[in-house]
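Chain by chain, the residues run as shown.
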4 protein chains.
Amino acid sequence: MSTVSVVYFSGSGHTAKMAEAVAKGAAASGAKVNLLRIRGEDITQGRYENDAALAQLDASDAIIFGSPTYMGGPAAQFKAFADATGERWYMRKWADKLAAGFTVSGGPSGDKLSTLQYFFTFSMQHAMLWVGLNELPAEEGINRLSSYSGVMGQARQEEPEVAPNGADKLTGESLGRRVAQAAQRWNQPLSTREKQAWSGVRSIKDEVLAAS
Amino acid sequence: MSTVSVVYFSGSGHTAKMAEAVAKGAAASGAKVNLLRIRGEDITQGRYENDAALAQLDASDAIIFGSPTYMGGPAAQFKAFADATGERWYMRKWADKLAAGFTVSGGPSGDKLSTLQYFFTFSMQHAMLWVGLNELPAEEGINRLSSYSGVMGQARQEEPEVAPNGADKLTGESLGRRVAQAAQRWNQPLSTREKQAWSGVRSIKDEVLAAS
Amino acid sequence: MSTVSVVYFSGSGHTAKMAEAVAKGAAASGAKVNLLRIRGEDITQGRYENDAALAQLDASDAIIFGSPTYMGGPAAQFKAFADATGERWYMRKWADKLAAGFTVSGGPSGDKLSTLQYFFTFSMQHAMLWVGLNELPAEEGINRLSSYSGVMGQARQEEPEVAPNGADKLTGESLGRRVAQAAQRWNQPLSTREKQAWSGVRSIKDEVLAAS
Amino acid sequence: MSTVSVVYFSGSGHTAKMAEAVAKGAAASGAKVNLLRIRGEDITQGRYENDAALAQLDASDAIIFGSPTYMGGPAAQFKAFADATGERWYMRKWADKLAAGFTVSGGPSGDKLSTLQYFFTFSMQHAMLWVGLNELPAEEGINRLSSYSGVMGQARQEEPEVAPNGADKLTGESLGRRVAQAAQRWNQPLSTREKQAWSGVRSIKDEVLAAS
């Protein structure tokens, strides 16, 4: 079983709803899911500190990043979390994990791509593999905002119960499912029967890692 | 006389050195320069608050943004500052000001472009006009790292007195000069003699603004 | 009077409609407008050649770039045009001109920001100044797609007469007006009376350029 | 055995040298490698046509994109190739393949990141998974230019035999190896003996795909 962590910041609760949708999709595909909210209390003078949260990410096969788009990029609180991963970067601790992302803001486009691009750049610094969305846009339906690199959701002043809307949350679920399935495939979760057939054989994963 | 503000975050002091170089260039071109450092003390739970600093930016003709590149983007502390400008965004307070940017990190490339791209996106949310660098790269000389959208400086573990190096700081000065001259041109700084010739005439700036 | 050129590629005619809207806005603000379509006939083996078109751009105060978003970026035909400006880049011929951009594709978001980002990067290589849109998004109205760096228009399989729709075209007009007014301000179009007052005085523009 | 294709454009031969290094790395990891050069002859009026080349990519497990950075982005010839994949995009033909990229230009930074970002955006439109570089930068050594999203190489006016230099080409080899190993892991290349042990068992890959 793969472990998928969803680590996100949410200011007004809209991104939290999207995070739940993404987590729901991942769980429905059989992954163990951690839903980790970045909290302001963990940020002092712009620096994030929460060893337990980071340790959960260390133990994950895939990490899905989420943030509202504020002023054209991820929220400062998300960035504080990202900046706190420098030691893990240096130790290559997250290398070869899967990464993905989602963001929410008021307009249909609204520079949300800029936030997804940042998530991508951040994950590349960590040598993760990026998994985007695989949904051709459907007007008013799944991926109605037509995003590819990750999930976009829309929320203006409505209550978080209402926005992002159902279609946006289905889009989030789709990404969660996709990441969970990719983590399963990438990490070769062998059944007991398959494992017996393989007794005495190093796992392909180990071989690949040893060779790399 | 135009007012150019340089607003930046610096963690280890290297970006501060670049900020000083940019300020020096702007001052040498006759601008009044504000050098504003974003400080961790002004950030609580990821939120920046410093009314005096923001008021100085409100009163500026041009704002030059600076930050180290941390984990593929601007430092969280810079982002906290950016996120604190939402009301100004809504009020269009910074519209038509000039914007520019600089960043410092350890490698020659090192995703520094990503930080400059964020500064650009941020300034576009504010409807500012972006002014890049105008220096063809010279090996080991000005713009040795070959950047166009803004200034890139390099600093590893060296002391801030040593890195960014002299060439990088000259590049910073070049941007400062360019922005100051552009602010002068954009805001039509008329000499006393020219002002007398114009007595009784609304400034072209007012006319343009009235028409817009 | 300022000269604003709109240089664009259009495959199916939708981007051409947006180009006309941008041109209309610029003309309404008193600019002389060149509407230049990049044509496949001018591209041989991926290389664009049209000296007359490039000479018109050389003589412009502002250049507005336009292209559909194809496969996540500007059309190859636009890129062929961009690649043909290398000599101008080296000679710094377009330095200090104003730049802006617009793009059209099928979805609300659809990686259109990626195309605008390319236009920006391209203009920075030329040391141009970038002018974005100054319109807070209005649901179903001007800037309904919520773009800041430039104009986004939407067109699926509809006829070019229908899409981009009226709101999108008004957004294009807004950018055209803004660029024309910025060009006027940037280039100080003095009235005859003002020119007489200045007789014997070098234009501020020349002074600024001489000093830079 | 996985099939890795390297599809690239090269104007002056420098990017071709990098393509060969990437291919060498992939082959050394046991992949079958296709080295496909995008040729101007296949581009008419900005449109690329080469069914055989596209069919080879259809049959690949991973595709590595390469282009010089011209005027801040991929060469028009590369973009023409990208634009020719629209039908494959609609049919989701390249979904779940691995993607990676490399670029070469004259300066250390020089907007090369912009080209890698385009490759990423393009691959996301196709729902591919992006694999970056996993090499912490070493001064004068592997990844000396400090890139993460893909490989950067540097070449000015030198002969292609000389630039990109040895360190840059080793960086290219590193990406080739990484992509080949990732393709092997992602596609579970079972040995004959393993296949016998599995007789009667659907491959995990099929299950994952069936579930997705």
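Just so it is clear, the model here is predicted, and its values are computed rather than measured. (Residues numbered from 1 in each chain as written. Chains lettered and ligands numbered in written order. Predicted model: local features only at pLDDT ≥ 70, side-chain atom pairs only at ≥ 80, totals over all residues.)

Participant: Could you give an account of the overall build of chain A, with specific residues and numbers?
Facilitator: The number of helices and strands found in chain A is eight helices and nine strands. Split into buried and exposed, the 212 residues of chain A put 61% on the buried side. Summarising the internal contacts of chain A: among those between residues at least 6 apart in sequence, 78% fall at separations of at least 24. (Helix = DSSP H or I, 4+ residues; strand = E, 2+ residues; numbered from the N terminus. Buried ≥ 20, exposed ≤ 12 C-beta atoms within 10 Å, placed from the backbone. Contact = placed C-beta atoms within 7 Å.)

Participant: Summarise the nonpolar core; cite the residues concerned and give the values.
Facilitator: One finds A:Val179, B:Val179, C:Val179 and D:Val179 to be the most contacted residues of the largest nonpolar core, which totals 253 residues. When residues no more than four places from it in sequence are discounted, the contact partners of C:Val179 are C:Val4, C:Ala26, C:Ala62, C:Ile64, C:Leu98, C:Ala100 and C:Val131. (Core = buried A, V, L, I, M, F, W, Y, C linked by C-beta atoms within 7 Å.)

Participant: So what's going on with the interface of chain B and chain A? Residues and values would help.
Facilitator: In this complex, chain B contributes 25 residues to the contact, which on the side of chain A involves 25 residues. Within the residue set of the side of chain B that touches chain A, elements represented by two or more residues are α3 (76-83), α4 (86-91) and α5 (112-125) of chain B. Looking at which element gives the most residues to the side of chain B that touches chain A, the answer is α3(B), with six residues. Partitioned by chemical class, the residues of the side of chain B that touches chain A number ten nonpolar, eleven polar and four charged. (Nonpolar A, V, L, I, M, F, W, Y, C, P; charged D, E, K, R; others polar.)

Participant: Outline the confidence of the model for chain A, supporting the account with residue identities and numerical values.
Facilitator: Residue and element names in this part refer to chain A. Looking at chain A as a whole, the pLDDT averages 91, with 89% of positions reaching at least 70. Taken as a whole, residues 189-212 scores under 50 in pLDDT and shows 23 contacts with residues more than four places along the chain or in a different chain. Interface scoring of the predicted complex returns ipTM 0.89; its pTM is 0.91. (pLDDT = per-residue confidence, 0-100.)

Participant: Explain unusual backbone geometry residue by residue, including any values.
Facilitator: Following C:Ala163, the chain continues into C:Pro164 via a peptide bond in cis, with omega recorded as 0 degrees. Of note, C:Pro164 is situated in the loop between β9 (151-154) and α6 (166-186). Despite not being glycine, B:Asp111 has its phi angle at roughly 60 degrees, a positive value. Mapped onto the secondary structure, B:Asp111 falls in the loop between β7 (98-105) and α5. Phi is positive for B:Glu140, which is not a glycine, with a value near 65 degrees.

Participant: Which residues make up the interface of chain D and chain C, and what values do they have?
Facilitator: Taken residue by residue, the interface counts 25 residues in chain D and 25 residues in chain C. Ranked by residues supplied to the side of chain D that touches chain C, first place goes to helix α3 (residues 76-83) of chain D with six residues. Looking at side-chain class alone, the side of chain D that touches chain C contains ten nonpolar, eleven polar and four charged residues.

Participant: I'd like a description of the relation of the copies chain D and chain C, backed by residues and values.
Facilitator: Of the two same-sequence chains, chain D is brought onto chain C (RMSD 0.0 Å, axial shift 0.0 Å) by a rotation of 180 degrees. Taken together, the rotation and translation describe the operation of a two-fold axis. (Least-squares fit on C-alpha atoms with pLDDT ≥ 70 in both.)

Participant: Describe the environment of A:Ala127, and please don't skip the residues or the numbers.
Facilitator: Residues and elements named next belong to chain A. For Ala 127, the position within the fold is in the loop between α5 (112-125) and β8 (129-131). Taking the number of C-beta atoms within 10 Å as the measure of exposure, Ala 127 has 22 and is therefore buried. As a C-alpha pair, Ala 127 and Leu 36 span 91 residues in sequence and 21 Å in three-dimensional space.

Participant: Which residues make up the pairing of strand β1 (residues 3-8) of chain A, and what values go with them?
Facilitator: Residue and element names in this part refer to chain A. Burial runs high along β1: six of the six residues are buried. Burial along β1 is two-sided: the face carrying Thr 3, Ser 5 and Val 7 and the face carrying Val 4, Val 6 and Tyr 8 are both buried. In this sheet, strand β2 (residues 32-37) lies alongside β1 in parallel orientation, the contact comprising six bridges. Each bridged residue has a counterpart across the sheet, and for Val 6 the counterpart in β2 is Leu 35. Considered for its hand, the β-α-β crossover made up of β1, helix α1 (residues 14-28) and β2 is right-handed. Relative to strand β5 (residues 62-70), β1 is paired through five bridges, and the arrangement is parallel. Note that in β5 the partner of Val 6 across the bridge is Ile 64. (Pairing = 2+ DSSP bridges. Right-handed = clockwise from strand over helix to strand, strands pointing away.)

Participant: Hey, could you go over the packing of α1(A) against helix α6 (residues 166-187) of chain A for me, with residue numbers and the actual values?
Facilitator: Residue and element names in this part refer to chain A. Closest axis-to-axis distance for the α1/α6 pair is 6 Å, and the angle between their directions is 40 degrees. Between α1 and α6, the angle falls in the class oblique. In this structure, α1 meets α6 at a crossing whose hand is right-handed. Counting all contacts with α1, which are made through Lys 17, Met 18, Ala 21, Val 22, Ala 23, Lys 24, Gly 25, Ala 26 and Ala 28, the residues of α6 involved are Asp 168, Lys 169, Gly 172, Glu 173, Ser 174, Leu 175, Gly 176, Arg 177, Val 179 and Ala 180. Here the contact of α1 with α6 is composed, by residue class, of nine nonpolar, four polar and six charged. (Axes fitted to C-alpha atoms, helices over the stretch in contact; angles between N-to-C directions. Parallel < 35°, antiparallel > 145°, perpendicular 65-115°, else oblique. Left-handed = near helix turned anticlockwise from the far one by under 90°.)

Participant: Tell me about the relation of the copies chain B and chain A, residues and numbers included.
Facilitator: When chain B is brought onto chain A, the operation consists of a screw motion whose angular component is 180 degrees and whose axial shift is 0.0 Å, with 0.0 Å RMSD remaining. A high fraction, 100%, of the interface residues of chain B reappear at the interface in chain A, so the copies pair face to face through one surface.

Participant: Got a sec to walk through α3(B)? Specific residues and values, please.
Facilitator: Burial of α3(B) is extensive: eight of the eight residues sit out of reach of the surface. Of the residues making up α3(B), those classed as buried are B:Ala76, B:Gln77, B:Phe78, B:Lys79, B:Ala80, B:Phe81, B:Ala82 and B:Asp83.

Participant: Summarise the environment of C:Gly176; cite the residues concerned and give the values.
Facilitator: All names here are of chain C. With respect to the helices and strands, the residue Gly 176 is situated in helix α6. You can call Gly 176 buried: it has 30 C-beta atoms within 10 Å. C-alpha of Gly 176 to C-alpha of Ser 123: the two residues are 53 residues apart in sequence and 17 Å apart in space.

Participant: Before we move on, could you go through α5(A) and cite the residues and values that matter?
Facilitator: Residue and element names in this part refer to chain A. Over its 14 residues, α5 runs 20 Å from end to end, which matches the ideal 20 Å to within 8%, given 1.5 Å per residue. Burial analysis of α5 places 14 of its 14 residues in the buried class, which makes it a mostly covered element. Remark: Ala 127 follows α5 within two positions and exhibits a positive phi of approximately 60 degrees. (Expected span 1.5 Å × (residues − 1).)

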